[in-house]
Amino acid sequence: MFSSLRVRNYRLFFLGQVVSNIGTWMQRIAQDWLVLSLTGSATAVGVTTALQFLPMLLFGLYGGVLVDRLPKRRTLLFTQSAMGVSGIALAVLTLSGQVQVWHVYLAAFFVGLATVVDNPARQSFVTEMVGRDQLQNAVSLNSANFQSARLIGPAVAGLMITGVGTGWAFLFNGLSFIATLTGLVMMRSRELHAVERAPRGKGQLREGLHYVAGRPELIWTIVLIGFVSTFGFNFPVYLSAFADDVFHAGAGSYSLFNTLMAVGSLAGALLAARRGTARMRVLVAAAAAFGALEIVAAVAPSLWLFALFMVPIGMFGMTVNVTANTSVQMSTDPAMRGRVMSLYMMVFMGGSPVGAPIAGWVTDTYGVRAGLAAGGAIAAGAAVVIGLVLARVGNLRLSVGWNRGHPHVRFVPRETQEQLAPAA
């Protein structure tokens, strides 16, 4: 389960990310609370989130082109430093009492710009640290790291905001990047797996898109993660509405739902680390199960039953995320990985700004139960359709039977006319 941590370079990176991810989650909570305090407007909070994701939608593919040309380690040193400076600047403005809402907007947009390059660089750099054999394990542990911080960061941020103010949470986040930078500096260059960088040239963005379009295992994986992230991952909309409008239980139940989902996500990441392989059938099955669980949770009659569904939903959602991420990286040539991962992250992260307003409209018009069920139905339907498409492309057929008293469902090679013909 933790085999990739035997690699010294990855171990340094992982430990730095432990601290930095906690700081990132603290800043998310403090940022939203500060904007709400300054404006009293939930819309302003939404604008802040949109500004942080907007650069990825606008420039994400160009970030991938840059990442394929540049050395990943030096690139990360620059982007991580930039995000750390942003956190410290926001801390200084807040602690001095000079902060205004446009400062927060600007900081969110600046972090989004850095993420355009930082995200594909971090995703691609994992292969250079651990190699192909440990890629699935390392990607899974990265997800487990992030989900662990999701459990710790908001709780620490809440205590810090209540005790000493939001400015100190921003300061912690800014300083937390020192851990990641220290790990990057301490790495041994000779132990990194050499990856050929793409030369500077024209048409590299178009070349990356053509590369993805010509590989069914890439294009259909990205399409599936696009449907799931856009329509199935709108939990801020769904969970807050369930807590307030359906169960009338307030902020405490909303926090409980998120905590239980984080527990499930952590379990899913650790199970993916133990599994060691990224198979398309696992991705399709996990996406279908994720959507089906959302449909069932949508009709849960009680708060506690709904809350319990958050654990498997989080687990299967994380399985989809990790399996898709690893599958895309392992199916991509190293010289193309930055461009392909930038497209993947643009679809994955860009789904929320597109899907959240749709989910909000459905929830306001037809109720949150209908909204969650519709999101789950779209995710499950996309998984089934894409599974059938991949089976057709791979000349496979669905086999249903029994194995040792248990139902056995799998895709097997389709028999050809030559195989069916009698021997001469």
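For clarity, every value in this text was computed on a predicted model and none was experimentally measured.

Peer 1: Would you take a moment to explain the overall build of the chain for this structure?
Peer 2: Counting its regular elements, the chain contains 15 helices and 2 strands. Here the chain, with 424 residues, has 48% of them falling under the buried criterion. Here the contacts in the chain between residues at least 6 apart in sequence split such that 83% fall between residues at least 24 apart. Carbon together with sulfur atoms contributes 65% to the accessible area of the chain, which is approximately 19,700 Å² in total.

Peer 1: Whenever I open this one, the packing of helix H5 (residues 135-163) against helix H12 (residues 303-330) confuses me. Can you help?
Peer 2: Helix packing geometry: the angle between the two helix axes and the distance between the axes. Running from amino to carboxyl end, H5 crosses H12 at an angle of 140 degrees, the nearest separation of the two axes being 9 Å. Considering how the two elements wind past one another, H5 and H12 form a crossing that is right-handed. From H5, Leu135, Gln136, Val139, Ser140, Ser143 and Gln147 reach across to H12, where they touch Met318, Val322, Asn325, Thr326, Gln329 and Met330. Within the contact of H5 with H12, the residues separate by chemical class into 5 nonpolar, 7 polar and no charged.

Peer 1: I tried to follow the pattern of salt bridges on my own but got confused; where do I start?
Peer 2: It is possible for side chains of opposite charge to pair when their charged atoms get near one another. Counted under the stated rule, the structure contains 5 salt bridges. The closest approach of N and O atoms between glutamate 128 and lysine 72, which form a salt bridge, is 3.8 Å. Of this pair, glutamate 128 sits in helix H4 (residues 101-130) while lysine 72 sits in helix H3 (residues 72-95); the two residues are 56 residues apart in sequence, bridging distant segments of the chain. Each member of the pair glutamate 128 and lysine 72 is classed as buried. Its salt-bridge partner being arginine 188, residue glutamate 191 comes within 3.0 Å of it at the nearest N-O pair. Glutamate 191 sits in the partly exposed class, given a relative accessible area of 31%. Residue classification places arginine 188 among the partly exposed positions, given a relative accessible area of 32%. Look at the salt bridges and you will find they share partners, linking Asp68, Glu207 and Arg339 into a network.

Peer 1: Help me understand the side chain of asparagine 234, please; the structure alone is not making it clear to me.
Peer 2: Tracing the sequence through the fold places asparagine 234 in the loop between helix H8 (216-232) and helix H9 (235-246). Within the local environment of asparagine 234, its side chain forms a polar contact with the backbone oxygen of threonine 230, the two atoms lying 2.8 Å apart.

Peer 1: Would you explain H8 in this entry?
Peer 2: Residue pairs spaced three or four apart in an α-helix point in one direction, given the helix's 3.6 residues per turn. Helix length check: H8 (17 residues) gives 23 Å between terminal C-alpha atoms against 24 Å at 1.5 Å per residue, within 8%. Leu218, Thr221, Ile222, Leu224, Ile225, Gly226, Val228, Ser229, Thr230 and Gly232 are the residues of H8 that are buried.

Peer 1: Even after reading the chapter, I still don't get the packing of aromatic side chains, so can you show me in this structure?
Peer 2: Each aromatic ring pair is described using two quantities: the centre-to-centre distance and the angle formed by the ring planes. Counted under the stated rule, the structure contains 13 aromatic pairs. Aromatic pair phenylalanine 233 and phenylalanine 290: ring centres 5.2 Å apart, planes at 90 degrees, arrangement edge-to-face. One end of the pair, phenylalanine 233, is in the loop between H8 and H9; the other, phenylalanine 290, is in helix H11 (residues 280-298), with 57 residues separating them in the sequence. The class for phenylalanine 233 is buried, based on a relative accessible area of 18%. With 6.2 Å between their ring centres and 5 degrees between their planes, tyrosine 344 and phenylalanine 348 make a pair best called stacked. Here phenylalanine 348 and tyrosine 344 lie together in helix H13 (residues 337-366), a separation of 4 residues that amounts to about one turn.

Peer 1: How do you make sense of a nonpolar patch on the surface when you look at a structure like this?
Peer 2: Taken together, the side chains of Leu54, Leu57, Leu58, Phe59, Tyr62 and Leu113 define a hydrophobic patch exposed on the protein surface, amounting to about 520 Å² of accessible area. If one sorts the elements of the nonpolar patch by residue count, helix H2 (residues 42-69) sits on top with 5 residues. Turning to its location among the elements, leucine 54 is positioned in helix H2. For leucine 54, a relative accessible area of 33% translates into the label partly exposed.

Peer 1: Hey, could you run me through the packing of H3 against helix H6 (residues 166-186) in this one?
Peer 2: Interhelical geometry of H3 versus H6 gives an angle of 160 degrees and a closest axis separation of 7 Å. Classified by the interaxial angle, the pair formed by H3 and H6 is roughly antiparallel. Read as a crossing pair, H3 and H6 show a hand that is left-handed. Residues belonging to the contact of H3 with H6 are distributed by class as follows: 15 nonpolar, 10 polar and 1 charged.

Peer 1: What should I look at first to understand the nonpolar core in this one?
Peer 2: Inside soluble globular proteins, nonpolar side chains tend to come together where they are buried. Among the nonpolar cores identified, the biggest contains 54 residues, and Leu224, Val228, Phe257, Phe306, Met310, Ile313 and Tyr344 are the most heavily contacted of them. Discounting chain neighbours no more than four positions away, the residues touching phenylalanine 257 are Leu239, Phe242, Ala243, Phe247, Leu303, Phe306, Ala307 and Met310.

Peer 1: Help me understand the environment of valine 228 in this model?
Peer 2: Tracing the sequence through the fold places valine 228 in helix H8. We classify valine 228 as buried; its relative accessible area is 0%. Along the primary structure valine 228 and glycine 381 are separated by 153 residues, whereas in three dimensions their C-alpha atoms are 9.9 Å apart. Those residues in contact with valine 228 that lie beyond four places of it in its chain are Phe233, Ala287, Phe290, Val320 and Ala379.

Peer 1: Help me understand the confidence of the model for the chain, please; the structure alone is not making it clear to me.
Peer 2: Low-confidence regions, as indicated by low pLDDT, have predicted coordinates that should not be scrutinised in detail. Model confidence for the chain is summarised by a mean pLDDT of 82, while 87% of its residues fall at 70 or above. Across the chain, the secondary-structure element scoring lowest on mean pLDDT is helix H15 (residues 417-420), at 44, and the one scoring highest is H3, at 93. Taken as a whole, residues 416-424 scores under 50 in pLDDT and shows 3 contacts with residues more than four places along the chain or in a different chain.

Peer 1: Quick question: what am I supposed to make of unusual backbone geometry here?
Peer 2: Leaving glycine aside, a negative phi is the common case for residues, and trans is the common case for peptide bonds. Here histidine 248, not a glycine, exhibits a phi torsion of approximately 50 degrees, which is positive. On the secondary structure map, histidine 248 appears in the loop between H9 and helix H10 (251-275). Note on histidine 248: relative accessible area 64%, which makes it exposed.

Peer 1: Help me out: how do you make sense of H9 in this one?
Peer 2: For H9, every residue scored as buried is listed here: Phe235, Tyr238, Leu239, Ala241, Phe242 and Ala243. A positive phi of about 50 degrees marks histidine 248, the residue just after H9.

Thresholds applied
- Residues numbered from 1 in each chain as written.
- Predicted model: local features only at pLDDT ≥ 70, side-chain atom pairs only at ≥ 80, totals over all residues.
- Heavy atoms only, no water.
- Helix = DSSP H or I, 4+ residues; strand = E, 2+ residues; numbered from the N terminus.
- Buried < 20%, exposed > 50% of the residue type's maximum accessible area, 1.4 Å probe, protein only.
- Contact = heavy atoms within 4.5 Å.
- Areas by Shrake-Rupley, 256 points an atom, 1.4 Å probe, with all protein chains shown as cover.
- Axes fitted to C-alpha atoms, helices over the stretch in contact; angles between N-to-C directions.
- Left-handed = near helix turned anticlockwise from the far one by under 90°.
- Nonpolar A, V, L, I, M, F, W, Y, C, P; charged D, E, K, R; others polar.
- Salt bridge = Lys/Arg side-chain N within 4 Å of Asp/Glu carboxyl O.
- Polar contact = N/O pair within 3.5 Å; in protein donor to acceptor, adjacent residues only side chain to side chain.
- Expected span 1.5 Å × (residues − 1).
- Phe/Tyr/Trp six-rings, centres within 6.5 Å; stacked < 30°, edge-to-face > 60°.
- Patch = residues over 30% accessible without salt bridge, like charges linked within 9 Å, V, L, I, M, F, W, Y side chains within 5 Å.
- Parallel < 35°, antiparallel > 145°, perpendicular 65-115°, else oblique.
- Core = buried A, V, L, I, M, F, W, Y, C linked by side-chain atoms within 4.5 Å.
- pLDDT = per-residue confidence, 0-100.

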